[in-house]
Amino acid sequence: MAALTVKELASLLSVLSEDTTQAQNFESLAASFHHYFPNKQDRFKVGQSLVLLLQHRDLLPHPTQKLAAVFILFEMYQSDPVSANPFATVFLTLLQDPAERKEANAYDLQSSIPSVSAAERYFLSNLICRTSKEMLKKTPAEIIQMDVSGKQPMDISQTQLFIVQRQSEMPHSSKTAISCVLADPESKPTSFEHFGKPNMINPDVQRDTAEVLLTGRKCSVDHTLRPEFIRLAPPLHIAEDELVWMFPTDMEFNVAWDTTMCMNMSTGFEVRRLMAKAFKGALSPGQQAQIKRELDKDAKLVYNIGLAPAKLPDLVENNPLVAIEVLLKLMNSAQITDYFQVLVNMEMSLHSMEVVNRLTTQVDLPSEFVHLYISNCITTCETIKDRYFQNRLVRLTCVFLQSLIRNKTIDVKDIFIEVQAFCIEFSRIREAAALFRLLKSLDPNEKEQGSKDGDGGGKKD
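Residues numbered from 1 in each chain as written. Predicted model: local features only at pLDDT ≥ 70, side-chain atom pairs only at ≥ 80, totals over all residues. Heavy atoms only, no water.

> How do you make sense of helix α18 (residues 367-383) when you look at a structure like this?
Taking 1.5 Å per residue as the helical rise, α18 with its 17 residues ought to reach 24 Å, and the 24 Å between its terminal C-alpha atoms agrees with that figure. When α18 is considered as a whole, its buried residues turn out to be Phe369, Val370, Tyr373, Ile374, Cys377, Ile378 and Cys381. Here the buried face of α18 lies against α16 (336-345), α17 (350-362), α19 (387-406) and α20 (412-425). (Helix = DSSP H or I, 4+ residues; strand = E, 2+ residues; numbered from the N terminus. Expected span 1.5 Å × (residues − 1). Buried < 20%, exposed > 50% of the residue type's maximum accessible area, 1.4 Å probe, protein only. Contact = heavy atoms within 4.5 Å.)

> Quick question: what am I supposed to make of the environment of Leu12 here?
As for its position among the elements, Leu12 is in helix α1 (residues 6-15). Setting aside residues no more than four positions away along its own chain, Leu12 makes contact with Leu4, Phe37, Val46, Ser49, Leu50 and Leu53.

> Please explain the environment of Leu301 as it appears in this structure.
Summarising the element assignment, Leu301 is placed in the loop between α13 (285-297) and α14 (312-318). By relative accessible area, Leu301 is classed as buried at 9%. For the pair Leu301 and Lys329, spaced 28 residues apart in the sequence, the C-alpha separation amounts to 9.3 Å.

> Where do I start with the pattern of salt bridges in this structure?
Two side chains that carry opposite charge are able to pair once their charged atoms sit near each other. In total, this model carries 8 salt bridges according to the counting rule given. Between Lys329 and Asp296 there is a salt bridge, and its shortest N-O distance comes to 3.0 Å. Here Lys329, found in helix α15 (residues 320-329), pairs with Asp296, found in helix α13; they are 33 residues apart in sequence, far enough to count as distant. Judged by its relative accessible area of 43%, Asp296 falls in the partly exposed class. Linking Lys329 and Glu325 is a salt bridge whose minimum nitrogen-to-oxygen distance equals 4.0 Å. Of this pair, Lys329 and Glu325 are both found in helix α15, 4 residues apart, which corresponds to roughly one turn of the helix. In this structure Lys329 comes out as partly exposed when scored by relative accessible area, which is 23%. Overlapping salt bridges bring together Lys292, Asp296, Glu325 and Lys329 as one network. (Salt bridge = Lys/Arg side-chain N within 4 Å of Asp/Glu carboxyl O.)

> Is there a simple way to explain the nonpolar core in this structure?
Considering soluble globular proteins, one finds that nonpolar side chains tend to be buried as a cluster. If you look at the biggest cluster of nonpolar residues, it comprises 63 residues, and the most contacted ones within it are Met275, Val326, Leu343 and Ile374. At 8 residues, the largest contribution of residues to this core is made by α19. If we ignore the near neighbours within four places in the chain, the residues touching Leu343 are Leu312, Val316, Leu327, Val355, Val356, Leu359, Phe369 and Tyr373. With 55 residues, the next largest nonpolar core counts Leu59, Leu67, Ala88 and Phe123 among its residues. (Core = buried A, V, L, I, M, F, W, Y, C linked by side-chain atoms within 4.5 Å.)

> Looking at this model, I keep getting lost on the packing of aromatic side chains. Mind explaining?
The geometry of an aromatic ring pair comes down to the distance between the two centres and the angle between the two planes. Taken as a whole, this structure holds 9 aromatic pairs when the rule is applied. Between Phe44 and Phe87 the ring centres are 5.5 Å apart and the planes differ by 25 degrees, which places this aromatic pair in the stacked class. Pair noted here: Phe44 is in helix α4 (residues 43-55) and Phe87 is in the loop between α5 (63-75) and α6 (88-95), with a separation of 43 residues, a long-range link. Residue Phe44 is classed as partly exposed on the basis of its relative accessible area, which comes to 31%. An aromatic cluster is defined as three or more aromatic residues linked by ring pairs; in this entry it consists of Phe26, Phe71 and Phe123. (Phe/Tyr/Trp six-rings, centres within 6.5 Å; stacked < 30°, edge-to-face > 60°.)

> In this structure, what is going on with the side chain of Glu75? I would like to understand it.
Along the chain, Glu75 turns up in helix α5. With no salt bridge to any partner, buried Glu75 finds its closest opposite charge in Arg43, at an N-O distance of 7.4 Å. A distance of 2.9 Å separates polar atoms of two side chains, one belonging to Glu75 and the other to His34. Those residues in contact with Glu75 that sit more than four places away from it in its chain are Ala30 and His34. (Lys, Arg positive; Asp, Glu negative; His and termini not counted. Polar contact = N/O pair within 3.5 Å; in protein donor to acceptor, adjacent residues only side chain to side chain.)

Take a look at the structure:
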């Protein structure tokens, strides 16, 4: 990775200067940054430089400068998902409670990124959730002074989960490095301070230090020390002009393959592999049972199996029993509404009805979802042109509705008029006629009328 040029560093420090970060709002800071760094290929090395500046309090001494640097780390990749941002772990670190961070980073206090205030954590959580448009019109100083005592940070647990999952998939060799730049632990006056002015950092010394660290031919922006990857050296010769790996003398040999090499044998990996197959075709009963067992062992595993709302229709059609188990585990998720929306709007089929029917018998589904699904079934039956296929779907819908009514999943009064019209329209079909009789037997007005007729007959006699 190439280092910054002196001109690029000067531009970056001008955007992050104390005067600029106190006077300009975040939108202006973003515009200034993109003006100086229009090329996307430069952003990673700029991000690495920003992380190094954040790690050392002497290089960005004012809180507004630190907040502006964190904002630029987000702004550089704002068009991508946060979990794809190469500096997403910085956001996770900053969003941690200061007490938890102190305990977690006790071994590395000097090089860790300093903690931020509650107002800054609130701003960052809104930034990650893309709900901070109004906040971007404020300056970093206004954010820092904002009172957030009565406000709760946005829920970013799903994003945190994606970031942690992405980090866990990286090789261990990428995590075995320590910083080569250490902050001075001494708190007494240093050469960074103005002579005779305690606690006032000398900007010339500060700039020169940043230039030494981040520019020049010998500079490595990474600034980390990594262990050497040691490989076994092959023997050079077995004879004067012969290479052992090119001209083997013993022609009778067996190759021993380690089929487990480079394979992740963790439970999560196996379940994700089975789910990838479940989207494309039917799983065997044993494979379905394995997914159920692993989900029962670890309820949070359901968030790491590769299921998104857009993939739910394929899962329902190929493996409805797996879809039921997964949806039951997702009932307490913030995304369950998205899955319901997809289930309502997907093409009506025997499997989708089976999934909805089984869900209604095990959990309390929102009544508006059930009613919307019933309306979708009725509309599909009414609009289909193929007579044979129409009759088949009408039978399925009638059996489905009878099951919901007998299990008291829905209140008959809420759907009576719509379902009655449906039964009359398809009265030629036996199942529709049976559903109509069931509705009439449960209609309170019908029962009351029958009772009056009975009483009148008794009086005439």
